[in-house]
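# Residue-level structure breakdown
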Amino acid sequence: MKPSETLVPTPGSPVLVTMGDPAGIGPEIIALAVRERPTLLEHLVVAGDVETMRRATHIAAQQVKPTLPTPIAELTQLSQWRQTPPGCLAVVQACHAPVDVAWGQVSAVAGRAAAECIRFGAEAALRKEVVALVTAPVHKKALASAGVQHPGHTEMLQSIAAEHQGTSPDQLPVRMMLSCPGLRTVLVSIHVALREALAAVSFEQVAETIRLTHAHFQRCGFAKPRIAVAGLNPHAGEGGLFGREEIDVIAPVIGQAQGEGIDATGPHAPDTVFMRARQGDFDVVIAMYHDQGLIPVKLLGLDDGVNTTIGLPFVRTSPDHGTAMDLAGTGTASPLSLLAAIDAAMGASTH
């Protein structure tokens, strides 16, 4: 199987949503999402902790009428999903019950439960038991406290998928794509220190990012996606005055991509390329490092932002925000980004 191939799920399978960190807003934004859009109950299963999700439905019931909480249908296995009673939220126990987890408190217990749910969801997606995986937010410090060796979802899902395929993560390249209405951006590097991110702007890394992006957009129905490649330095290096990465690395990669029939252009000045993409000049922008790409997306549309992992052998999306520990348990967190992530997962799974 090629790294960019997407498995074809079983017809009629659900979208699986992991609950995220049980101490964060993940469980309650799931509960709020199905309160605001009850038809989702016909399509979703939550991989989480039943009692945590039951607690979340009570929080949601205080905010979105009617005041009765959404009933929970506890599943012992995913195949029971089709027997979920109407109007119930299907939850499969996907982790060891996180006992005495308090809202807003970072802990190894919560991090372990979140990690177990991620693995459950990824393995279900790899077995084609679900049409897509949507992941609620996790807390990186909680994951680290639980002994998880990966800084976030993207790296963890890459590792699980590679393990499933009997290969190494290096042989299953993935990238993070962040999107909001009017703007999509794919990152060359993700969760590394800025010094390491600069070193990651290599011919191989940028070329691989362009190819993965092109393949993803073609699978999503773009015959020839217009890919803008951002420069690394101010003004895209200004002809070498502010750095040579554009001359020595980025421009040659773009030339090679064009030779492969990919509509890639640049390197474009980073301070204007996102504006031009939003105006319709490009379908997607490739950013050289994490904050270069995420700041414009989050500025424009945090409530509607979606994180998509491209290169995995299954569809995975998530909200474009974190665990918001200060809001956990209040019922005031917005489910809009989660709803956008669910919509994106459903849309991608039909291609």
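Everything discussed here concerns the structure shown above.
Because the structure is a prediction, the values reported are computed rather than measured.

### With respect to the pattern of salt bridges
- Tallying each qualifying case throughout the model produces 11 salt bridges.
- Measuring nitrogen to oxygen at the nearest pair gives 2.9 Å for the salt bridge that ties glutamate 260 to arginine 211. You can see glutamate 260 sitting in the loop between helix 8 (245–259) and strand 9 (264–268) and its partner arginine 211 sitting in helix 7 (residues 203–219), a full 49 residues away along the chain.
- The exposure class of glutamate 260 is partly exposed, given its relative accessible area of 41%.
- Among the salt bridges present, the one from aspartate 320 reaches lysine 298, with a minimum N-O distance of 3.8 Å. Residue aspartate 320 is found in the loop between strand 12 (316–319) and helix 11 (336–349), and its partner lysine 298 is found in helix 10 (residues 290–301); the two are separated by 22 residues along the sequence.
- Take lysine 298: its relative accessible area is 35%, and that puts it in the partly exposed class.

### Regarding the packing of helix 9 (residues 270–278) against helix 10
- Where helix 9 contacts helix 10, the two axes come as close as 11 Å, and the packing angle between them is 45°. It follows that helix 9 is oblique to helix 10 by the angle criterion. You can see that helix 9 and helix 10 cross each other, and the crossing is right-handed. Counted together, Pro270, Phe274 and Arg278 of helix 9 and Gln292, Gly293, Pro296 and Leu300 of helix 10 form the full contact between these two elements.
- When its residues are assigned to classes, the contact of helix 9 with helix 10 shows 4 nonpolar, 2 polar and 1 charged.

Parameters and conventions
- Residues numbered from 1 in each chain as written.
- Predicted model: local features only at pLDDT ≥ 70, side-chain atom pairs only at ≥ 80, totals over all residues.
- Heavy atoms only, no water.
- Salt bridge = Lys/Arg side-chain N within 4 Å of Asp/Glu carboxyl O.
- Helix = DSSP H or I, 4+ residues; strand = E, 2+ residues; numbered from the N terminus.
- Buried < 20%, exposed > 50% of the residue type's maximum accessible area, 1.4 Å probe, protein only.
- Axes fitted to C-alpha atoms, helices over the stretch in contact; angles between N-to-C directions.
- Parallel < 35°, antiparallel > 145°, perpendicular 65-115°, else oblique.
- Left-handed = near helix turned anticlockwise from the far one by under 90°.
- Contact = heavy atoms within 4.5 Å.
- Nonpolar A, V, L, I, M, F, W, Y, C, P; charged D, E, K, R; others polar.

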